[in-house]
Amino acid sequence: MRFLLIYLFIFSAISFAEDFNKLKSVEEFKNYMAKKHNYNKKELSKLFSEVEIQKDSLWFYTKKKKSDYKAYYWTDYSKGFLTQKKIKAGVDFLKEHNYYLYLAYKEYKIPSEYIVAIIGIESNYGGFMGKHPTFDTLSTLSFKKNRRNKFFKKELEEYLLMTKRENVSPREIKGSFAGAIGYCQFMPSNFKKIAVDLDRNRQVRLDKPIDAIGSIANYLRISGWERGLPVAVKVKFDGKRFDKYKTGYRTSYSRNELVGIEPEKRFYYDKNVSLIKLKRKENDELWYGTKNFKVITTYNRSAYYAMAVHQLASKIKEEYLKEKNN
């Protein structure tokens, strides 16, 4: 991972402009956008006339493979997400946007601390939403050969439609090296289905905190969040390492099946649970995950990600209530 970050940093400083109008695939795309969406071909030609090639994005989707990733200990994964600085920034964000978080809860029934935690992990509460020009990123990944051309061409289509609908220049927005944008780091294809105008100003902007709050709440609701359900609870087992049962967010057990495993505190949940293992250098840590835990994994298909969201949310809420009651 360290090598990857250094590599991406080096390449992010290097840019190469190219006239994409010379590419047959781009001409076909422009014709498609004009025919299907009545998009102005001259506008598209102007946009494609000088595309800044995003070399780090292209490298990632041509050279990196899933097998290149290494398994990390939970402590390595979580150390940047659960710092006191991160928690304090989350409390400050919650207090600053309390009114709109309340509106989001009233409409979508998602606890404020989970919305704030996702924003904290995805974009450091808006402090880092990405520096890559989104149009150039999606164009590079759509028309320069890589393993996900088809996917990114659809994302580019949705991005152009979104910017036209919201009356924003396609060149105005910056995002991640994969084209994710805003406080919540949505891909453009999520925009039309999920993004909401929470501040009612007739424009949806995910690079503004209020609409991002509403959009995350709507996303979790659509994904099946159930109001009032717990998310996860730590459980006890004998020994330091656990391999008695298969673990992971996709697992599903009735609690009667899990012999020798007990929650560390009262846990009012009578449906099947996932068994989540957090691997540490010295020992394993084990948790029950509920349906709402699985909902968080739809945002990022990782048990470690969902657990980081859960633990950060819990700490933000605890610190917020402590400050409020003092």
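Residue indices follow the written sequence of each chain, beginning from 1 at its first position. A pLDDT threshold of at least 70 governs which residues receive local features in this predicted model, and a stricter bar of 80 or more applies before side-chain atom pairs are shown or counted, although totals over entire chains, interfaces and linings include all residues. The side-chain values count all of the structure's non-hydrogen atoms but skip hydrogen atoms and water molecules.

Okay, the packing of helix α8 (residues 112–123) against helix α14 (residues 303–325) next. In contact at an axis separation of 8 Å, α8 and α14 are set at 120 degrees when each is read in the N-to-C sense. By the angle between their axes, α8 is oblique relative to α14. Helix-helix and strand crossings are classified by hand; for α8 and α14 the assignment is right-handed. Residues E113, Y114, V116, A117, I118, I121 and E122 of α8 form the contact with α14, whose own contacting residues are Y305, A308, V309, H310, L312, A313, S314, I316 and K317. Three residue categories are used. Nonpolar comprises Ala, Val, Leu, Ile, Met, Phe, Trp, Tyr, Cys and Pro, charged comprises Asp, Glu, Lys and Arg, and polar comprises the others, including Gly. Grouping the amino acids of the contact of α8 with α14 by side-chain chemistry returns 11 nonpolar, two polar and three charged. Axes, fitted as lines to C-alpha atoms, cover a helix only where it is in contact. Angles between the N-to-C directions of the axes lie from 0 to 180 degrees. Strands here are runs of E lasting at least two residues and helices are runs of H or I lasting at least four, both read from the DSSP assignment and numbered beginning at the N terminus. When an angle is under 35 degrees it counts as roughly parallel; over 145 it counts as roughly antiparallel; between 65 and 115 it counts as roughly perpendicular; any other value is oblique. Take the far helix as your reference; a near helix turned counterclockwise from it by less than a right angle gives a left-handed crossing, and one turned clockwise gives a right-handed crossing. Residues count as neighbours in contact if any of their non-hydrogen atoms are within 4.5 Å of one another.

Attention now goes to the packing of helix α2 (residues 24–37) against helix α10 (residues 149–165). Following both chains from N to C, one finds α2 and α10 inclined at 50 degrees, their axes separated by 12 Å at the closest point. Taken together, the axes of α2 and α10 are oblique relative to one another. Pair α2 / α10 crosses with right-handed handedness. For the pair α2 and α10, the contacting residues are F29, Y32, M33, K36 and H37 in the first and K153, L156, E157, L160, L161 and K164 in the second.

Take α10 next. Here the expected span of a helix is defined as 1.5 Å times the quantity of residues minus one. If you check α10, its first and last C-alpha atoms are 24 Å apart, about what 17 residues at 1.5 Å a residue would give, namely 24 Å. Here the term buried applies to any residue with accessible area under 20% of the maximum for its type, exposed to any over 50%, and partly exposed to those in between, with areas from a 1.4 Å probe on protein chains only. By the burial criterion, the buried members of α10 are F152, E155, L156, E157, E158, Y159, L160, L161, M162 and T163. Considering only its buried residues, α10 is in contact with α2, α3 (41–48), α4 (55–63), α9 (134–143) and α11 (188–194). Two residues or fewer after α10 comes N167, characterised by a positive phi angle close to 60 degrees.

Burial analysis of strand β8 (residues 273–279) places five of its seven residues in the buried class, the great majority of the element. In this scheme, strands are said to pair when DSSP sees at least two bridges between them. As paired strands, strand β6 (residues 248–253) and β8 are joined by two bridges and run antiparallel to one another. Bridge assignment links Y253 to a residue of β8, and that residue is V273. Connecting β8 to the next strand, strand β9 (residues 284–289), in antiparallel fashion are four residues.

Attention now goes to the pairing of β9. Taken across its six residues, β9 has six buried, putting it largely inside the fold. Burial along β9 is two-sided: D284, L286 and Y288 and E285, W287 and G289, pointing in opposite directions, are all buried. The pairing of strand β5 (residues 232–236) with β9 spans four bridges and is antiparallel. Following the sheet pairing, V235 is matched in β9 by L286. Here β8 runs beside β9; their pairing, made up of six bridges, is antiparallel. Its bridge partner lying in β9, S274 is registered against G289.

In this section: unusual backbone geometry. A positive phi angle is found at N124, which is not glycine, with a value near 55 degrees. The residue N124 is located in the loop between α8 and β3 (132–133) in this model. Under the relative-accessibility criterion, N124 is labelled partly exposed at 41%. Of note, R202 is a non-glycine position whose phi angle comes to about 70 degrees, a positive value. Mapped onto the secondary structure, R202 falls in the loop between α11 and α12 (209–222).

Let's shift gears to the sheet that holds β9. Spatial strand order, β6-β8-β9-β5-β7: five strands in an open sheet with antiparallel pairing. For this open sheet the edge positions go to β6 and β7 (262–263), each flanked by a neighbour on one side alone. Bridge count between β5 and β7: two bridges; the pairing is antiparallel. The residue bridging V235 from the neighbouring strand is P263, located in β7. In this fold α14 packs onto β5, β6, β8 and β9, with an angle of close to 90 degrees to the strand it touches most, β8.

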